[in-house]
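The lines below spell out each chain.
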Amino acid sequence: MTIKTLELRSDTFTKPTPAMLEAMFQAKVGDDVFEEDPTVKALEQQAAQLFGYEAGLFCTSGTMTNQIALNVHLRQGDEVICDKLSHIYLYEGGGIAANTGASVNLLEGDRGRISASQIREAIQPDNVHHPVSRLVSLENTVNKGGGCYYQLAAIQQIKEVCVAHQMGLHLDGARIFNALVETQESPKLYGELFDSISVCLSKGLGTPVGSVLLGSHHFIAQARRVRKRWGGGWRQAGYLAAAGIYALNNHVERLKDDHSKARAIGNLMAQRPEVAEVLPVDTNIVIFSLKNDILAKDYVQKLSTVGIMAAPFGKHQVRFVTHLDFTENDLDAFEQQLKCVT
Ligand SMILES: *Cc1c(COP(=O)(O)O)cnc(C)c1O
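Throughout what follows, the structure given in this document is the object of discussion. (Residues numbered from 1 in each chain as written. Predicted model: local features only at pLDDT ≥ 70, side-chain atom pairs only at ≥ 80, totals over all residues. Heavy atoms only, no water.)

1. Things to note about the pattern of salt bridges
The final tally for this structure, using the stated rule, is 16 salt bridges. Connected via shared salt-bridge partners are E35, E44 and R224. (Salt bridge = Lys/Arg side-chain N within 4 Å of Asp/Glu carboxyl O.)

Written out as structure tokens, the structure is:
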């Protein structure tokens, strides 16, 4: 049997398809710091309109769009209320403190999803001792929660709490399209509820680089200033924006294929004797835990010897993520190669 390398560490490993590359080569570009790159503007407008926002800002990464959003929403000494599994808290280099001087109020939700009542309980009293609870940040889908997503009604209840307490509501929508293809909800419903959304183009949508931040004209104007201050102003970024436009037009509906492959992988892992539990597979992420104190790093090493590339995701937890470069044939190869793990 020939062993094929199966890249399942993340959906960020995708390479542009030939058609996406062609779109990039054909892009009309200009200097985006002067707001003269037509392709960047087209991407920002298309993404904003899709969600019903006034404006968008194309940035290098989801970390940058999230961190810029937090910086615009929060002042020093304020706090953001979020789940303790949130990417903004766990995986952005301590940016809430380092970039903005803000605090976090961490809640323990259901696989990373927090509820309106938890948030209401957590809001600080209006008293000089406390940080000001100024923002709630949700993640959808939740990476660390195994790709689970919110019910719209739950977000609507959260929005009511935010309105009642004059708090902003931000969405880390790195994988929002993975949620939307499952729920079949309109992106516009999300645009109505959130003051800002960060959307990754380089995850399941398969572009080489980039995220967009969405919000009102006023919000995005402030965000553009922060992006420049942080060195994120870029010039002929239209070559990258063209990939984003191509992805929005061609790579959204196909996310369902990634989800069905992830479910197949989840079912295979559930039958393995060394696997204790597989989290429900709701979208393109499979997280499982190991029995008998097997360490994730040792198991990931073992998988790599049969060509299966996985990410350690906690001491005894491992993550797979499916994506557009993981084909039906790769799924067959996965099943065969997994049998070689002893
Ligand atoms: C990947 C990811 C981001 C952004 O990551 P970058 O690597 O900076 O683009 C933000 N939030 C979540 C939930 C993610 O999975």
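Back to the text.
2. A look at the site of the ligand
Around the ligand sit 13 residues in total, of which G62, T63, D172, R175 and K203 are the nearest. A distance of 2.6 Å separates an oxygen atom of the ligand from a polar atom in the side chain of T63. Taking R175, its side chain carries an N or O atom lying 2.9 Å from an oxygen atom of the ligand. No other element matches helix α3 (residues 62-73), which puts three residues into the shell around the ligand. When its residues are assigned to classes, the shell around the ligand shows two nonpolar, six polar and five charged. (Near = heavy atom within 4 Å. Polar contact = N/O pair within 3.5 Å; in protein donor to acceptor, adjacent residues only side chain to side chain. Helix = DSSP H or I, 4+ residues; strand = E, 2+ residues; numbered from the N terminus. Nonpolar A, V, L, I, M, F, W, Y, C, P; charged D, E, K, R; others polar.)

3. Quick word on empty space enclosed by the protein
Applying the stated criterion across every chain yields a total of two cavities of 30 Å³ or more. Taken as a whole, the largest cavity holds about 50 Å³ of empty space. Contributing to the lining of the largest cavity are D83, S86, I88, G112, I114, S137, L138, E139, Y150 and D172. Broken down by element, the residue count for the lining of the largest cavity peaks at three residues, all from strand β5 (residues 132-139). Across the lining of the largest cavity, the residue classes tally to four nonpolar, three polar and three charged. By volume, the second largest cavity amounts to about 40 Å³. Lining the second largest cavity we find A174, R175, I176, F177, N178, C200, K203, G204, L205 and L255. The dominant element in the lining of the second largest cavity, judged by the number of residues it contributes, is helix α8 (residues 176-183), at three residues. (1 Å grid on protein atoms, 1.4 Å probe; cavity = no way out; pocket = protein on both sides within 12 Å on 5 of 7 lines; lining within 4 Å. Points joined across faces, edges and corners; volume = space filled by probe spheres on them.)

None of the figures reported here should be taken as evidence of function without further support.
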